[in-house]
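# Observations on the three-dimensional arrangement
Chain by chain, the residues:
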Amino acid sequence: MSAVTNPATVAECLRVGAGFSQGDRNWIVEQFATLDARLAAFHADATELEVSVKDREARGQKVTLECWIAGRQKIVTTSSEEDLRAALHDVRDDLRRRLNDAKTRQEPRHNKHVREIGQPGRDQVADADADLERVDAETA
């Protein structure tokens, strides 16, 4: 896999939505810092994050973290934790888990060799089939 020239980071991609002020942004970036390693696989200009909170500091508050990555479905995570820090950690961890799940679904399974070197093209498969036919003909 080729390295991303401009990797996404929380600091670069995060927008604060309803319920948060720009003054909260740096604190939220610190809370989400562990996402940087997972987001680094994506281009910064093709990645967006938005965090918002409904009924902040009230019983029944709801924190929402939305993630848009070009070419993928939008991921939305929510938390109803009463403590704001715990709610932010909850949505952060859920997003990281869902990004990992999405990556796992895209990789070939049960074949380490294919994962490391890539899947063969049609021409390679046709050549391999022709080689097998020659071996069968020689042994018959």
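Keep in mind it's a predicted model, so treat the numbers as computed, not measured.

### So, a negative patch on the surface
- The grouping of Glu 57, Glu 81, Glu 82, Asp 83 and Asp 90 at the surface amounts to a negative patch.
- Accessibility expressed as a relative area gives 38% for Glu 81, which makes it partly exposed.

### Side note on the pairing of strand 2 (residues 47-54)
- Bridging between strand 1 (residues 14-16) and strand 2 involves three bridges; their strand directions are parallel. Bridging from a neighbouring strand, Leu 14 pairs with Leu 49 of strand 2.
- Summarising the sheet, strand 2 and strand 3 (residues 62-69) pair through eight bridges and their orientation is antiparallel. Counted as the bridge partner of Val 51 is Leu 65 from strand 3.

### Digging into unusual backbone geometry
- If you check the backbone angles, Asp 55 has positive phi at about 60 degrees while not being a glycine.
- For Asp 55, a relative accessible area of 46% corresponds to the partly exposed category.

### Considerations on the nonpolar core
- Judged by nonpolar contacts, the single largest core of 27 residues is most densely connected at Phe 32 and Val 51.
- A per-element tally of this core places helix 4 (residues 84-106) first, with six residues.
- What Val 51 contacts, discounting residues up to four positions off in sequence, is Leu 14, Arg 15, Val 16, Gly 17, Phe 20, Ile 28, Phe 32, Val 63, Thr 64, Leu 65 and Leu 88.

### A closer look at helix 2 (residues 22-31)
- Regarding helix 2, the residues found buried are Asp 24, Arg 25, Ile 28, Val 29 and Gln 31. Relative to the axis of helix 2, the buried residues are bounded by an arc of 150 degrees and lie together on one face. What points out from helix 2, more than 90 degrees from its buried face, is the exposed set Gly 23, Asn 26 and Glu 30.

### Structural notes on the sheet that holds strand 3
- As summarised here, the arrangement of the four strands in space is 1-2-3-4, forming an open sheet in which the pairing is mixed. In this open sheet, the two strands that pair with only one neighbour each are strand 1 and strand 4 (75-79). Direction aside, the axes of adjacent strands within the sheet are offset by 15 degrees on average.
- In this fold helix 2 packs onto strand 1 and strand 2, with an angle of close to 140 degrees to the strand it touches most, strand 1.

### As for the environment of Thr 64
- Within the secondary structure, Thr 64 is located in strand 3.
- What makes Thr 64 buried here is its relative accessible area of 16%.
- In this structure the C-alpha to C-alpha distance between Thr 64 and Ser 52, which are 12 residues apart in sequence, comes to 5.3 Å.

The rules behind each value
- Residues numbered from 1 in each chain as written.
- Predicted model: local features only at pLDDT ≥ 70, side-chain atom pairs only at ≥ 80, totals over all residues.
- Heavy atoms only, no water.
- Patch = residues over 30% accessible without salt bridge, like charges linked within 9 Å, V, L, I, M, F, W, Y side chains within 5 Å.
- Areas by Shrake-Rupley, 256 points an atom, 1.4 Å probe, with all protein chains shown as cover.
- Salt bridge = Lys/Arg side-chain N within 4 Å of Asp/Glu carboxyl O.
- Lys, Arg positive; Asp, Glu negative; His and termini not counted.
- Charge placed at Lys NZ, Arg CZ, Asp CG, Glu CD.
- Buried < 20%, exposed > 50% of the residue type's maximum accessible area, 1.4 Å probe, protein only.
- Pairing = 2+ DSSP bridges.
- Helix = DSSP H or I, 4+ residues; strand = E, 2+ residues; numbered from the N terminus.
- Core = buried A, V, L, I, M, F, W, Y, C linked by side-chain atoms within 4.5 Å.
- Contact = heavy atoms within 4.5 Å.
- Arc of directions from axis to C-beta.
- Axes fitted to C-alpha atoms, helices over the stretch in contact; angles between N-to-C directions.

Remember, this is a structural readout, not a statement about activity or role.
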